[in-house]
Every structure is written in C-alpha cells, then in structure tokens.
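Structural overview
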There are 2 protein chains.
Amino acid sequence: MVETGVRTRTRQAILDAAVVVLSRDSSASLSEVAREAGVGRTTLHRYFAERSDLVHAIGTLTLERIAVATDRAKLEVGPAREAIVRLCREYFELLGDVLSLVFTDPQFSSGLDWHEESDSDLELLALVQRGHRDGSIDRELTPEWVQQALWALLYAAWAFVRECGVSRHEALGQCLRSLDRMLHPVGERAG
Amino acid sequence: MVETGVRTRTRQAILDAAVVVLSRDSSASLSEVAREAGVGRTTLHRYFAERSDLVHAIGTLTLERIAVATDRAKLEVGPAREAIVRLCREYFELLGDVLSLVFTDPQFSSGLDWHEESDSDLELLALVQRGHRDGSIDRELTPEWVQQALWALLYAAWAFVRECGVSRHEALGQCLRSLDRMLHPVGERAG
DNA sequence: CTGAAACGGAACAGTCGTGTTCCACTACCG
DNA sequence: CGGTAGTGGAACACGACTGTTCCGTTTCAG
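Here's a quick rundown of the structure. (Residues numbered from 1 in each chain as written. Chains lettered and ligands numbered in written order. Predicted model: local features only at pLDDT ≥ 70, side-chain atom pairs only at ≥ 80, totals over all residues. Heavy atoms only, no water.)

Structural notes on helix α10 (residues 168–183) of chain B
- When the terminal C-alpha atoms of α10 of chain B are compared, their 22 Å separation across 16 residues agrees well with the 22 Å that a helix rising 1.5 Å per residue should span.
- Those residues of α10 of chain B not exposed but buried are A171, L172, Q174, C175, L176, S178, L179, R181, M182 and L183 of chain B.
- Packing partners of the buried residues in α10 of chain B comprise α9 (143–164) and α10 (168–183) of chain A together with α5 (80–95) and α9 (143–164) of chain B. (Helix = DSSP H or I, 4+ residues; strand = E, 2+ residues; numbered from the N terminus. Expected span 1.5 Å × (residues − 1). Buried < 20%, exposed > 50% of the residue type's maximum accessible area, 1.4 Å probe, protein only. Contact = heavy atoms within 4.5 Å.)

Describing a negative patch on the surface
- On the surface, D71, E76, D119 and E123 of chain A cluster together into a patch of negative charge.
- Position of D71 of chain A among the secondary structure elements: in helix α4 (residues 51–72). (Patch = residues over 30% accessible without salt bridge, like charges linked within 9 Å, V, L, I, M, F, W, Y side chains within 5 Å. Areas by Shrake-Rupley, 256 points an atom, 1.4 Å probe, with all protein chains shown as cover. Salt bridge = Lys/Arg side-chain N within 4 Å of Asp/Glu carboxyl O. Lys, Arg positive; Asp, Glu negative; His and termini not counted. Charge placed at Lys NZ, Arg CZ, Asp CG, Glu CD.)

Remarks on the protein's contact with DNA strand C
- Surveying the vicinity of DNA strand C reveals 20 residues, the closest of which are L30 of chain A together with T10, G40, T43 and Y47 of chain B.
- Among atoms of DNA strand C positioned within 4 Å of the protein, sugar and phosphate together represent 52%.
- Within the side chain of R51 of chain A, one N or O atom sits 2.9 Å away from a phosphate oxygen of DNA strand C.
- Interatomic distance of 2.5 Å between a side-chain N/O atom of T10 of chain B and a phosphate oxygen of DNA strand C.
- When grouped by side-chain class, the residues that make up the surface near DNA strand C number five nonpolar, nine polar and six charged. (Near = heavy atom within 4 Å. Polar contact = N/O pair within 3.5 Å; in protein donor to acceptor, adjacent residues only side chain to side chain. Nonpolar A, V, L, I, M, F, W, Y, C, P; charged D, E, K, R; others polar.)

Here we look at the interface of chain B and chain A
- Taken together, the contact pairs 36 residues of chain B with 36 residues of chain A.
- Area buried by chain B at its contact with chain A is led by W145, R177 and R181 of chain B, which between them contribute 22% of it.
- The salt bridge partner of R177 of chain A is D138 of chain B, with a shortest N-O separation of 2.6 Å.
- Summed over the shared surface of chain B and chain A, the number is eleven residue pairs in polar contact (both at pLDDT 80 or more).
- Counting residues per element, the side of chain B that touches chain A draws most heavily on α9 of chain B, which supplies 13 residues.
- Of the residues contributing to the side of chain B that touches chain A, the split by class is 18 nonpolar, nine polar and nine charged. (Buried area = accessible area lost by both parts, 1.4 Å probe.)

Quick word on the protein's contact with DNA strand D
- In the vicinity of DNA strand D lie 20 residues, with T10, G40, T43 and Y47 of chain A together with L30 of chain B positioned nearest.
- Each atom of DNA strand D within 4 Å of the protein was assigned to sugar, phosphate or base; sugar and phosphate come to 51%.
- In the environment of DNA strand D, a phosphate oxygen lies 2.3 Å from a nitrogen or oxygen atom belonging to the side chain of T43 of chain A.
- At a separation of 3.0 Å, a base oxygen of DNA strand D approaches a polar side-chain atom of R41 of chain B.
- Every element with two or more residues in the surface near DNA strand D is listed here: α1 (5–24) and α3 (41–47) of chain A together with α3 (41–47) of chain B.
- Broken down by element, the residue count for the surface near DNA strand D peaks at five residues, all from α3 of chain A.

The structure is reproduced here in structure tokens:
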C-alpha cells in the first residue's frame, strides 16, 4: 500500500490545521481541527484514530524540526554566543505556532523523549558551557537558565507577532538583540 | 448578611486550589479543584456557581495583585531600568502560579479589562519611554517588546523553579540579571 | 436545647466531545 | 464501463463534566 500523494497532502493539512487551532486553544475539539483543515471529522479519524495520536504526531514533528534547526545552526562554528543567536533564529523560522503548544501545554511534552533531554537540549547546554570558557557568555547565567530564557524569548517573539501585529522580521530582530545583550558578559564593550 | 470568617476562608481555599490545579492543567475538572481544596463539589458551586465565575475571580485576583505590585515598585523613583527590575521582582513575589495561567491561557485574559491596557500596562510602557529618554534602556527595544519580554522572563523563572527544582531565590536572581542586561544600552559599562 | 449556618454526598438531567459504523458521492484508472 | 481510493455526512453509544436539587450531618451561638 503506497502512501499516495493525496494521502500525504491530506495528512499534512490536518496536521497544520491542528497546530493552528490547538495553539489558539489547546482544548479545542477535533471538529474544530477538521473544519480548519477543510475535511470531515470522519476523515480526520481515518488519519489519527485518537486525539492522542494527533497530539503525538505534533510532538514528533516538533522534535524533528528542532533537530533540523539545531543542525542548520552549526553550533560548533564561531563564538558560543553568536552560535546561540543563530540557533534562536533557526528555531524562530522553523517552529512558528508549534512553539506555543509545546512550550505551554503539558500534554505535548509528556509521552515523548522530551524532558529526558533530547540531543538538541544537551547540545545547547554544552554550548553555553563553551561560552563560559571562551568568555562570550556571562558566567553567572547557568546553562539551564539560558535554555529556559531562550525558549521564553522565542515564545515572546511569536506572541509579539500575534498579539501586537508586529512583522515577523521586526519581532525576530528584537528577540535576537535581547538574547544577545542578555548573554553578553558584563563590563565589556558590545560587538 | 455578614461575610463570616468561615466563608471568607473557604472561598480563599477554593481560589488557591483552583490556581494550583488549573496552572497544572487549565482544562482540569471542577472535581479536581474541589478535591485539592479539601471541599465537596457542592460547596464549590455554592461559592462559584459556574466555572466561568471561578475563572473570572482568578482573573480579578490577578489584576489586583498586579496593581499592588506596580504600586510597591515605585516606578517613578530612580533610573527607569532599575525601576523595571524592581517591578519584575514584585511581580515574581506576588504572582507565583497565577502567572502561568494568565500568561498562557486565553480564557483568563478574555472577558476582563485586560488587553484593553490596564493601568499597570500603560505605566510600564511609559516607564520604558522614560528609560529611552534618560538613557538607561536600549533605545532599539520598543516598549511593547520590553513588556512581552518581561512577562516571558518571569514565566521562565517560575518554570525554572518548577521543572528544574531551582530555589525561588536563585531563579529570581537569574531572571533579574538577564532582564537588566537585556535592557542595558549597548556600548556602556555595566553598573 | 433550638435553630441557623455551613457543609458533604447522592442522584439526576443535560450537554458536549469522542470514537465508531454505515452509506452515498466523487474522481480516476484500466 | 466497472472498480477502487478517498472522502463527507448522518447517526449512534459511550463517557465525562456540569449545574442543580434534595437530604442528612456537624458546628456553634443564643
């Protein structure tokens, strides 16, 4: 049974719609997701038998995107602080609405590898430690906190776009500048 | 009909329990809230006839706390950047779990003055503008973004406590330092 | 002791989301 | 033309949560 083009497209449409709807209201009904996707509720159930299957698929999709973004950012290149800013930019581009879901709602983060420290998480923590050594990141900020703050600022940037009607480019600019300044060691001139 | 001490205490217990339970899962049932409060579901309905009444009460409570925190921070005193950091500290102390609710869930922010720019919001925006004038805040960061970022970092700090088991004091320290560094104008020595 | 206040539990009807089944429709390929 | 893949809609049973009513219990002040 080959996965035809039609099936792939329908599946993707449902997945996209789910992200849009559930990021607005994580307890939205499957009917709303189906309507957003422009398909019948029956069809939705053909692709994702249970709600948890849909949620799980979104989680997996997100993990994949995070891995891709981490890869693209080439964390090993250049000063650690610049690498983190690059990573933040990649996250912003790839994660969009998915972010608010995984960031805020417990149902998406549970039941996955997630929290058991994915590879990307570990890479980020190691990167901050490198920044401590090479002097590009404020030594008083712990790696775990930098991680938290990175995600929080990303979330803020997307909320900025959504709620304040700011352009993506503008929001990303403010976000990256804030992150860079935040990590910058105290008592040195800015780059 | 005097509001006896008993009634006040019961009402407060329910409200506190609601914050705890709903901040874990905003779609939790009222039975769970009642159980957390150590109260029968019937009693809960005596104080908050409908779910929306409970939600609304939490919203009002939060607005009050924000107003108190804004007042305590004495925003008019000293350089704007220091005032914002003071404000952040007050928010952290007063808002606790409530934060994750109002910050992430649409149901709590809708149906209130909220977003229609409460007084505290306006004060914060004006404060950032003052910071632009007195040179204590990076002029490239817009007031609206600073507002977003402030809330996001606060949320991150509480998540840091919850998920990473860090002490409140430690989390607050990282948060305030990050905020201060973020707002700091480029090209000047740190204070 | 008496009565009011506050409470908890059981029970009920109503609503809503879910997951499933069945059937009819369309598009397309051979 | 006939068959298949993909779909949408109607209908159903089931469970969960909600809001309400009723009744028995506890507590405490007068």
